[in-house]
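# A structural walkthrough
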Amino acid sequence: MVNKMVGKIGDTPIIGSGTYANNLCAVSATDKGEAIIRHTVARDVAAVMEFKGLSLKEAPSCVVEECVPRGNVRLIVVFASGKVTMSFNTTGMFRASATEDGYSHIGIWTSVE
């Protein structure tokens, strides 16, 4: 992890906060563990999809932008269809994904995905 605080053990391997999966999606969150735990970020992504009917692009963005203070969370979300989206409210996020048909995406800074 880049710029990890000395003494930090890990991010948030707590089901519902930093890790969650159901029949709609699987979510992994990283960055400021305290904020991720406090806002149950991973579960919230699945909940807004299920109960608000948000799409695979809208759900992670909604949680990242509206539920967690800026600079605290980075999400990787894999949907039941196999599509991947990554959303964050930090300066950047080292990220990459590839599909079986050859499409790949690599990024660090905010971009239109």
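Structural data are supplied above this passage.
Residues numbered from 1 in each chain as written. Predicted model: local features only at pLDDT ≥ 70, side-chain atom pairs only at ≥ 80, totals over all residues. Heavy atoms only, no water.

Here we come to the nonpolar core. Core analysis: the biggest nonpolar cluster contains 20 residues, and Cys25, Val27, Val41, Val45, Val73, Leu75 and Val77 have the highest contact counts within it. The dominant element in this core, judged by the number of residues it contributes, is helix α2 (residues 41–52), at six residues. Contact partners of Val73, with chain neighbours within four places excluded, come to Ala29, Thr30, Asp31, Ile36, Val41, Val64, Val68, Ser87, Phe88, Asn89 and Thr90. (Core = buried A, V, L, I, M, F, W, Y, C linked by side-chain atoms within 4.5 Å. Buried < 20%, exposed > 50% of the residue type's maximum accessible area, 1.4 Å probe, protein only. Helix = DSSP H or I, 4+ residues; strand = E, 2+ residues; numbered from the N terminus. Contact = heavy atoms within 4.5 Å.)

What follows concerns the packing of α2 against helix α3 (residues 58–66). For the pair α2 and α3, the least separation of the axes is 8 Å and the interaxial angle reads 130°. Considering their axes alone, α2 and α3 lie oblique with respect to each other. Crossing angle aside, the handedness with which α2 passes α3 is right-handed. The segment α2 lies against α3, with Val41, Asp44, Val45, Val48 and Met49 engaging Ala59, Pro60 and Val63. When the residues that make up the contact of α2 with α3 are grouped by side-chain class, the tally is seven nonpolar, no polar and one charged. (Axes fitted to C-alpha atoms, helices over the stretch in contact; angles between N-to-C directions. Parallel < 35°, antiparallel > 145°, perpendicular 65-115°, else oblique. Left-handed = near helix turned anticlockwise from the far one by under 90°. Nonpolar A, V, L, I, M, F, W, Y, C, P; charged D, E, K, R; others polar.)

Over the atoms, a rolled probe matching the size of one water molecule traces out where space is still vacant. Volume-wise, the second largest pocket comes out at about 380 Å³. Together, 16 residues line the second largest pocket, and Lys83, Val84, Ser97, Thr99 and Tyr103 are the ones closest to its centre. Secondary structure elements with two or more residues in the lining of the second largest pocket: β4 (84–88) and β5 (92–98). Counting residues per element, the lining of the second largest pocket draws most heavily on β4, which supplies three residues. Residue composition of the lining of the second largest pocket, grouped by class: six nonpolar, six polar and four charged. (1 Å grid on protein atoms, 1.4 Å probe; cavity = no way out; pocket = protein on both sides within 12 Å on 5 of 7 lines; lining within 4 Å. Points joined across faces, edges and corners; volume = space filled by probe spheres on them.)

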